[in-house]
Amino acid sequence: MTRPDLNLSNDVETLKAMVLAMAEKAARAGALESEVADLKASNADADARIERLTQILKAFDRARFGRRSEKLGSANGDVEQQAFVFEEIETGIAAIKARVSKGRAQADSKRAPRRRKGFAPHLERVEIVIDPEELAEHAGKQKELIGEDVSERLDVVAVKFRVIVTRRPKYAFKNADGVIQAPAPAHIIEGGIPTEALLAQIAVAKYADGLPLYRQEAIYARDKVELDRQLMAQWMGKLGFELEIMADYIFSEVKKAERVFADETTLPTLAPGSGSTKTAYLWAYARDDRTFGRSGSPMVAYRFEDSRSGECAVRHLNGYRGILQVDGYAAYNKLARSDRGNDGVTLARCWSHCRRKFYELHVAGSSEVATATVERMARLWQVEKTVRGQRPDARVAARQQASAAIVADLFDFWQRTLRRISGKSKLAEAIRYAVSRRAIFERFLTDGRIELDSNIVERAIRPQTITRKNLFAGSDGGGRTWATIATLLQTAKMNNVDPLAWLALTLQRIVNGWPSSEIDALMPWNHAI
């Protein structure tokens with residue numbers, strides 16, 4: 001073994017210094033190795049936590065956006081609480097990533113640009129140009145622009161209250177009798193303080209965004225604007241009265257459709273004289289003809305009732321002769337009873353509602369039959385994706401070719417299963433529900449206007465079920481106001497119209513004397529986007 005050629009000093013002090021330097025270097029190396037190990041362990045722990053949170057996030061994502069039957073938790077799960085957990089998990093993941101990336105700031109300072117979806121073109125652009133600093137070495141040199149880097153960030157300007165001061169001068173004539181003055185402009189709240197824009201803001205916040213008046217009162221107080229919740233409630237009652245004719249018009253347009261969807265949900269209401277709440281109901285009737293090739297605008301009308309009786313539906317749909325697509329609630333059967341003759345509607349059922357009964361057994365892992373049913377039903381929705389928006393005859397042709405065999409196989413499968421299982425089981429209950437309504441469930445195979453499910457009205461009524469968690473109708477009058485204003489705002493959203501902009505403009509048109517004969521021009525679907 002050849003010894004290394006080292007030129008070492010013979011001086012003892014020099015050798016000591018060399019040994020100390022080597023020891024310090026080894027210590028620094030050891031510290032760096034320990035720091036690297038700690039960072040690796042920290043990163044591994046962070047990656048594991050992110051992965052764990054991401055899996056939970058995906059589950060809650062399915063719970064928020066999946067079909068109602070596929071949501072996590074119990075049937076009465078709190079949608080708002082799930083949304084809250086969803087947001088907190090997102091925040092937690094971002095915090096962990098920020099902590100991990102802090103140590104990599106220098107290495108990642110020139111990260112690759114991330115593709116972003118551009119901001120809407122109607123948003124105001126405020127341009128800021130940042131020129132490089134003029135240094136001493138730049139003196140006497142002429143700059144020439146060769147390019148630029150452009151970035152965009154989303155900014156917000158807080159909603160700002162203002163006071164509209166209206167002056168109406170009075171004039172008298174010299175040497176003549178008489179005084180002239182311009183008439184006072186009309187307003188929804190005569191002699192009151194709100195403009196139509198403020199009324200629209202309060203209504204949209206309450207009935208579209210679920211923000212109770214007491215919360216709005218506190219929010220406005222931060223801007224030193226005192227708006228009493230009781231006063232705002234009175235304004236909403238007056239607003240509902242003024243808009244009732246428009247909500248009735250929408251309902252009349254809904255009932256002109258070849259096919260109407262119906263659903264209902266509870267609405268807590270204050271019982272008169274008792275101080276306690278009672279259960280009232282919000283009935284929803286939706287129309288959307290685009291799914292079978294028509295060009296009509298989508299819309300929904302709500303009706304407030306203190307009962308869930310079938311007589312309510314009979315009264316609401318008096319004179320309607322078309323297709324009524326509903327879930328499994330038996331009250332709607334009154335509209336299609338045989339003794340009504342030609343006055344009866346054609347009932348169509350919701351396959352999603354039928355599927356949920358099997359899906360609950362499937363997720364519980366308690367029935368192979370339920371699992372097989374869910375898997376076979378999934379093929380029906382695959383067919384529907386291919387025919388959505390086509391003409392009724394084209395839809396029928398595709399369904400006869402693909403869906404009819406699936407449906408026949410399902411009913412045959414259920415009949416064979418029913419003979420060999422306990423009649424008291426949940427599976428038997430689900431099968432009997434489907435088999436006893438076979439004719440109604442099969443109607444979509446021969447009528448292209450019928451949908452496989454009633455998701456159109458469920459999507460229309462879901463915002464009201466979320467809003468009611470923060471609100472309740474203080475009285476029957478409050479419930480009717482809710483139904484009226486929600487009809488207009490939800491219809492605006494269904495037509496991709498900003499409800500606030502539409503309502504503010506519509507209220508201004510009403511006070512300016514818009515003729516009732518031209519009410520259709522006021523509807524959300526005729527609002528210029």
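Refer to the structure printed above.
Residues numbered from 1 in each chain as written. Predicted model: local features only at pLDDT ≥ 70, side-chain atom pairs only at ≥ 80, totals over all residues. Heavy atoms only, no water.

Draft legend 1. Region of interest: the overall build of the protein. Scanning the protein from N- to C-terminus turns up 14 helices and seven strands. Across the 529 residues that make up the protein, the buried fraction comes to 36%. Put simply, 67% of the contacts in the protein that link residues at least 6 apart link residues at least 24 apart. Accessible surface for the protein amounts to roughly 33300 Å². Of this, 52% is attributable to carbon and sulfur atoms. (Helix = DSSP H or I, 4+ residues; strand = E, 2+ residues; numbered from the N terminus. Buried < 20%, exposed > 50% of the residue type's maximum accessible area, 1.4 Å probe, protein only. Contact = heavy atoms within 4.5 Å. Areas by Shrake-Rupley, 256 points an atom, 1.4 Å probe, with all protein chains shown as cover.)

Draft legend 2. Fine view of the packing of aromatic side chains. By the definition in use, this model includes 11 aromatic pairs. Here a set of aromatic residues connected by ring pairs shows up, and it is made of Trp351, Phe358, Phe411, Trp414, Tyr433, Phe441 and Phe444. The ring of tryptophan 381 is capped by arginine 355, whose NZ or CZ atom sits 5.9 Å from the centre of that ring. (Phe/Tyr/Trp six-rings, centres within 6.5 Å; stacked < 30°, edge-to-face > 60°. Lys NZ or Arg CZ within 6 Å of the ring centre and 35° of its normal.)

Draft legend 3. Examining helix α4 (residues 213-221) more closely. Within the sequence span of α4, burial applies to Leu213, Gln216, Glu217 and Tyr220. Angularly, the buried residues of α4 cover 105 degrees about the axis, an arc narrow enough to put them on a single face. For α4, the elements touching its buried residues are α3 (196-207) and α5 (229-254). (Arc of directions from axis to C-beta.)

Draft legend 4. Expanded view of a nonpolar patch on the surface. A grouping of Val126, Ile128 and Ile130 is seen on the molecular surface, where their side chains present a nonpolar patch of about 400 Å² in accessible area. By the element assignment, isoleucine 130 lies in the loop between α2 (79-102) and β1 (170-172). (Patch = residues over 30% accessible without salt bridge, like charges linked within 9 Å, V, L, I, M, F, W, Y side chains within 5 Å. Salt bridge = Lys/Arg side-chain N within 4 Å of Asp/Glu carboxyl O.)

Draft legend 5. Geometry of the pattern of salt bridges. According to the stated counting rule, one finds 22 salt bridges in the structure shown. Aspartate 288 is the partner of arginine 290 in a salt bridge, and the nearest nitrogen-oxygen pair spans 2.8 Å. Judged by its relative accessible area of 41%, arginine 290 is partly exposed. Across the salt bridge formed by glutamate 305 and arginine 315, the nearest N and O atoms sit 2.3 Å from each other. Within this pair, whereas glutamate 305 is found in strand β5 (residues 299-305), its partner arginine 315 is found in helix α6 (residues 310-316), the two being separated by 10 residues in sequence. Ionic contacts of the salt-bridge type, sharing partners, join the residues Glu258, Arg294, Asp447 and Arg449 into one network.

Draft legend 6. Expanded view of the packing of helix α7 (residues 351-363) against helix α9 (residues 392-418). Close contact between α7 and α9 brings their axes to 15 Å; oriented N to C, the two are set at 40 degrees. Compared by their axis directions, α7 and α9 come out oblique. In this structure, α7 crosses over α9, and the sense of that crossing is left-handed. Facing α7, whose interface residues are Trp351, Cys354 and Phe358, α9 presents Val407, Leu410, Phe411 and Trp414. Residues of the contact of α7 with α9, tallied by class, amount to seven nonpolar, no polar and no charged. (Axes fitted to C-alpha atoms, helices over the stretch in contact; angles between N-to-C directions. Parallel < 35°, antiparallel > 145°, perpendicular 65-115°, else oblique. Left-handed = near helix turned anticlockwise from the far one by under 90°. Nonpolar A, V, L, I, M, F, W, Y, C, P; charged D, E, K, R; others polar.)

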